[in-house]
Amino acid sequence: MKIVFGLYEPDPGSAECGVYLNGRKSKIRNPQDAMNLGIGMVQQHFALVENLTALDNIILGQEPMKRFNVIDRAFAKNKLQGLVSESLKVPLEANVEDLQVGVHQRVELLKLLYRDSEILILDEPTAVLTPQEIDDLFSFLRDLRKEGKTVLIITHKLDELLALCDDVTVLRQGSVKAQLSRDQLTKEALVKAMTGRSIEKFIKPTFQPGAEALVIQNLTTSAGTEERLKEVCLSVRQGETVGIAGVEGNGQSTLVECLLGLTSYIGHIQFNGQPYPHKTKEIREVLNVGYVSEDRQTQSLWLSGTLEENCAIGFGNRLARYGVLSKSTLHHHAEEMLKGFDVKYDHLEQKISELSGGNQQKLVVARELKGRDPRFLLCCHPTRGVDVGAIELIHQRLVEFQKNQGAVLLISSELEELLSLSDRLLVMYQGRIVLEQTRENFDLKSIGSAMLGGQP
Amino acid sequence: MKNLIKTLIPVVAILTVVTFVILVMGDNPFNVFQSIIWGAFGSATSIGYTLFYSTPLVFTGLSVVVALRAGLFNIGAEGQLYIGSLSLVAYALMFKDQAGAVAILGAVVAALLGGALWGSLVGLLKAFRGSHEVVVSIMLNFVSYALCGYFILNQFKNPFSQNPETSEVEAAFRISNWEAIFPHAPVNNAALLAVFCVGLVWWLLYRSQWGFDVRFVGESPEAARRAGLPVRMRLLQVMAVSGALAGLVGVNEILGFSHKMKDQFSPGYGFMGIAVALLARGEPLRVIPAALLFGMLQKGSLDLEIDSQKMTRDLAYVIQGVVMIAVAAQPYLSKKLEKRWELWTRN
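Residues numbered from 1 in each chain as written. Chains lettered and ligands numbered in written order. Predicted model: local features only at pLDDT ≥ 70, side-chain atom pairs only at ≥ 80, totals over all residues. Heavy atoms only, no water.

**Brief notes about the overall build of chain B**
Along the backbone of chain B there are 14 helices and zero strands. Its C-alpha atoms give chain B a radius of gyration of 21 Å, within 12% of the compact-globule value 20 Å for 347 residues. On the principal axes, the C-alpha backbone points of chain B span a range of 75 × 60 × 35 Å. Split into buried and exposed, the 347 residues of chain B put 52% on the buried side. (Helix = DSSP H or I, 4+ residues; strand = E, 2+ residues; numbered from the N terminus. Rg over C-alpha atoms; globule rule 2.2 N^0.38 Å. Buried < 20%, exposed > 50% of the residue type's maximum accessible area, 1.4 Å probe, protein only.)

**Looking at the environment of B:F182**
Residue and element names in this part refer to chain B. With respect to the helices and strands, the residue F182 is situated in the loop between α6 (133-154) and α7 (190-207). For F182, a relative accessible area of 13% translates into the label buried. Distance in space between the C-alpha atoms of F182 and Y49 is 8.4 Å, their sequence separation being 133 residues. With residues near it in sequence (within four places) discarded, F182 still touches A44, I47, G48, L51 and V187. (Contact = heavy atoms within 4.5 Å.)

**Some points on the side chain of B:E253**
All names here are of chain B. By secondary structure assignment, the location of E253 is in helix α11 (residues 249-258). For the buried E253, no salt bridge is present, and the opposite-charge side chain at shortest range is K262, 5.9 Å distant. If near-sequence neighbours (up to four positions away) are discounted, E253 is found in contact with F52, S258, H259, F265 and Y269. (Lys, Arg positive; Asp, Glu negative; His and termini not counted. Salt bridge = Lys/Arg side-chain N within 4 Å of Asp/Glu carboxyl O.)

**Re the packing of aromatic side chains**
Under the criterion given, the structure shown has 16 aromatic pairs over all chains. Relative to B:F212, the ring of A:W302 has its centre 5.3 Å away and its plane inclined at 80°; by these criteria the two rings are edge-to-face. Placement of the pair is A:W302 in the loop between α10 (296-300) and α11 (307-312) and B:F212 in helix α8 (residues 209-219), with the two residues belonging to separate chains. For A:W302, a relative accessible area of 1% gives the class buried. Through successive ring pairs, a cluster of aromatic residues spans B:Y49, B:F52, B:Y53 and B:F257. Above the plane of the ring of A:F341 lies A:R397, whose end atom (NZ or CZ) is 4.9 Å from the centre. (Phe/Tyr/Trp six-rings, centres within 6.5 Å; stacked < 30°, edge-to-face > 60°. Lys NZ or Arg CZ within 6 Å of the ring centre and 35° of its normal.)

**Remarks on the packing of helix α4 (residues 101-114) of chain A against helix α5 (residues 131-146) of chain A**
Residue and element names in this part refer to chain A. Between α4 and α5, the least distance of the axes is 11 Å, while the angle of their chain directions is 15°. Considering their axes alone, α4 and α5 lie roughly parallel with respect to each other. For α4 against α5, the interelement crossing comes out right-handed. Here G102, Q105, L109 and L113 of α4 lie close against α5, whose contacting residues are E133, L137, F140 and L144. Grouping the amino acids of the contact of α4 with α5 by side-chain chemistry returns five nonpolar, two polar and one charged. (Axes fitted to C-alpha atoms, helices over the stretch in contact; angles between N-to-C directions. Parallel < 35°, antiparallel > 145°, perpendicular 65-115°, else oblique. Left-handed = near helix turned anticlockwise from the far one by under 90°. Nonpolar A, V, L, I, M, F, W, Y, C, P; charged D, E, K, R; others polar.)

**Notes on the interface of chain B and chain A**
For an interface, size is often stated in terms of accessible area lost upon the parts coming together. Taken together, the contact pairs 19 residues of chain B with 29 residues of chain A. The largest contributions to the chain B side of the interface with chain A come from B:Q209, B:F212 and B:R226, which together make up 34% of the buried area. Where chain B meets chain A, there are two salt bridges. In this structure, B:R215 engages A:E309 in a salt bridge whose closest nitrogen and oxygen atoms are separated by 3.0 Å. Applying the counting rule to chain B against chain A returns 12 residue pairs in polar contact (both at pLDDT 80 or more). For the side of chain B that touches chain A, the elements supplying multiple residues, two or more each, are α7, α8, α9 (221-226) and α14 (315-346) of chain B. Residue composition of the side of chain B that touches chain A, grouped by class: six nonpolar, four polar and nine charged. (Buried area = accessible area lost by both parts, 1.4 Å probe. Polar contact = N/O pair within 3.5 Å; in protein donor to acceptor, adjacent residues only side chain to side chain.)

**Focus: the nonpolar core**
Counting 148 residues, the largest nonpolar core has B:V251 and B:M261 as the members making the most contacts within it. With 11 residues, helix α4 (residues 77-94) of chain B is the largest single contributor of residues to this core. Formed by 31 residues, the second largest nonpolar core is a distinct cluster that contains A:L234, A:L255, A:C258 and A:I411. (Core = buried A, V, L, I, M, F, W, Y, C linked by side-chain atoms within 4.5 Å.)

**A closer look at the sheet that holds strand β4 (residues 119-123) of chain A**
Remark on secondary structure: sheet strands pair via backbone hydrogen bonds, oriented parallel or antiparallel. Residue and element names in this part refer to chain A. Strands sit in the order β3-β4-β5 across an open sheet of three strands; the sheet is parallel. Two strands in the sheet have a free side with no partner beyond their single neighbour: β3 (39-42) and β5 (150-154). The sheet shows a mean angle of 15° between the axes of neighbouring strands, taken without regard to direction. When β3 meets β4, the two strands line up parallel, connected through four bridges. For I39, the partnering residue across the bridge sits in β4 and is I119. (Pairing = 2+ DSSP bridges.)

**A look at the state of the cysteines**
All names here are of chain A. If you walk through the whole model with that rule in mind, you get zero disulfides over all chains. Cysteine C233 is unpaired, with the sulfur of C258 as its nearest cysteine sulfur at 13 Å. With a relative accessible area of 40%, C233 lands in the partly exposed category. (Disulfide = S-S within 2.5 Å.)

**Here's the deal with the domain arrangement of chain A**
Residue and element names in this part refer to chain A. You can read the domains of chain A as domain 1 (38-165) and domain 2 (212-289 + 374-451). Here domain 1 and domain 2 have C-alpha centroids that lie 32 Å from each other. Counting from both sides, the interface comprises nine residues of domain 1 and, opposite them, 12 residues of domain 2. Interface area, domain 1 with domain 2, both sides summed: about 850 Å², of which 56% is carbon and sulfur. Three residues stand out in domain 1 for area buried against domain 2, namely T130, P131 and H156, and they jointly supply 42% of the buried area on that side. In this assembly, domain 1 and domain 2 are joined by zero salt bridges. Linking domain 1 with domain 2 are zero residue pairs in polar contact (both at pLDDT 80 or more). Here the residues of the side of domain 1 that touches domain 2 sort into four nonpolar, three polar and two charged. (Domains from an automatic or database assignment.)

**Observations regarding α14(B)**
Note that an α-helix has 3.6 residues per turn; residues three or four places apart therefore point the same way. A bend of about 55° at B:Q330 is the largest found in α14(B), and the proline B:P331 appears one to four places after it. Along α14(B), the positions that sit buried rather than exposed are B:L315, B:A316, B:I319, B:Q320, B:V322, B:V323, B:A326, B:V327, B:S334 and B:W341. (Bend = angle between axes of the 7 residues up to and from the residue.)

**Some remarks on the side chain of B:S242**
Note on placement: B:S242 falls in helix α10 (residues 231-247). Sequence-distant contacts of B:S242, defined by excluding residues within four places in its chain, comprise B:S63, B:V64, B:A67, B:N74 and B:Q80.

**Looking at helix α17 (residues 444-451) of chain A**
Residues and elements named next belong to chain A. With respect to burial, α17 is a largely interior element, six of its eight residues being buried. Looking at α17, one finds that the buried residues are S446, I447, G448, S449, A450 and M451. On the buried face of α17, the contacting elements are α5, α16 (415-421), β16 (424-429) and β17 (432-438). Immediately beyond the C-terminal end of α17, within one or two residues, lies G453, with a positive phi of roughly 90°.

**Let's talk about the sheet that holds β16(A)**
Residue and element names in this part refer to chain A. Taking strand neighbours across the sheet as the criterion, the six strands line up as β13-β14-β15-β10-β16-β17 in an open arrangement whose pairing is mixed. In the strand order of this sheet, the two ends are held by β13 (290-292) and β17, each with one partner. Within this sheet the neighbouring strands show an average axis-to-axis angle of 15°, counted without direction. Across the sheet, helix α15 (residues 388-403) lies against β10 (241-245), β14 (376-380) and β15 (407-411), angled at about 155° from β14, the strand it touches most.

What follows is the structure, given as structure tokens:
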């Protein structure tokens, strides 16, 4: 997709390969070319200027001009009014930073419509949305389809494909594995094409949880931090998975930082009856807390390092002898650790950046679970941007960990994942826990509205 | 073949630009290049000089490399080498009576400690106060010039000299130069120390747990922090090591050559060290060829000044500048070239 949008240049191939538009081969060298051809793209990570208004963001780069180079905002507004249907209401005058994530997406979509794009590419558009917002988005996309626009959506969520798409192309490891049209489209066929085999529906067994492992009482952070926590109380028992749902940016990251010792806080945290340490080093090396981060590339991995080096992260003191890390120790350690985690690599001295996201994530999970053998796992978005096969494996390993009386605090934006893995689910909204439900009475509707700050 | 072209193209580009500059200055490029090469390698003596000029560049180059690997840009090698030299000369002048290996070893340790002190000031402010290392180290350079000036003129002044320099150190503090191989050239055992340091730094970075931490912190600071690494300690230690390496310049200059500390003796070794480190792309082993290249230019351009009517030694700086631009542009250019090459070989 980045090639279609002109962000990457394709490697030169034979004469007939390339991007074809309405039967004509087109040369797209940069995003400007793409936009001129009516192709627009919403990136997975939005490209908005936080401190400009929504309107300015939309017209940025194609400002209509009055005389003396004055921006004709009124004209832009008129044009937008014509485009905006009810489902796409955006407060044009508000600064983007004050708007919710779901609205950000609408601003991005308006950007494309404003540029008269005929082909809209959406990369993982639902990753940050709540169930209600997803419904809104889909009904809007259906409207667009009626108007004759082409919508190209990239997603790894099967339900979305089934709900929305006319044609589905499955890509795996850089090549097309299947092309399915509406009438062939079933969940089983999709899964088969994506993984090369069929996957049983995953049903988590239930375990008897043990004593309370992690207890957090009245956790509050100072006003300085962006996502402030307000009197958060929660507990995780041994052999229990507690999920935290919520739209991103409602305090989840701050909670993680508190538990890693990166942010100072008021309140009490206990672990197995002992006070929880404040220093990151103690938390990770003495208490041995496992941690899967929300952004593996910057927070978990040494991206320019080799596989061996990445496997050794956090084990420096254990592996080194008199301060020396020998090649063979690193090698054996990595080999041992990756066993049973199905990480595909050529050799262990390979750069980790050459691996796919799924394989990188499997390595992280292997390191934090098998390598570390913790009693408590802080697990953030464990399957974000990861293929179906890896999701299955990671979920299995998490359940195994729980079976061995491990405690898991699971933070995810993927509601489906939370529902299938957690024994209890908490919803976080603006730094508070606003809802708690146990597995027996999960209710999607009240969870969704709690995520948006409504009354459950 | 592809790799050969990749390395040759920058060289050709550099030569072309420099040729153009020489032509504009109204000299014969062929003569100029000849006189630089001849000046650097023409005789045993000139080779000795080239090695002598390269030695401090190995120290400062390594200094910058070590900091670079932790993600720090140490612009203060110049100041660190002055403070290292100052503490070396202070030790040698205050403990005159030492003899044998103790004398020299003590002086080397003094140089290491002086440089380390100056470097760790930067590290301290960076790690615990978040001050940017570039700003701090550049400002500390000026402090070090002033400090050295003060001590040389007031504490250790040579009473028999009109120049701003210290008294000479005792014979026990002099290290032997390589008269037998390179007659009349000041190259000395400090060159061996430099090679040893290259090996040591390589080993530290790639084989020790400390180096593992340092490289990890430098390349993925956020992941290192979350893994529970002592990030601040490592930054502090790296700057200390970086400063200590720069401090060793004094061993070559004072113990090996002039036997006294002259005010402002460095022609910018610390800054050239940055160029060396960048040319070496942060790899300790590549510091040696990079330092040799710059040392060669340094020595060759001195001879150029005598041989040519129109060129001055500043041509060396012009060439250094062009080399730096070529190094900076290389990743971008080689990507483009690779594509061209692929197209070309396909058709």
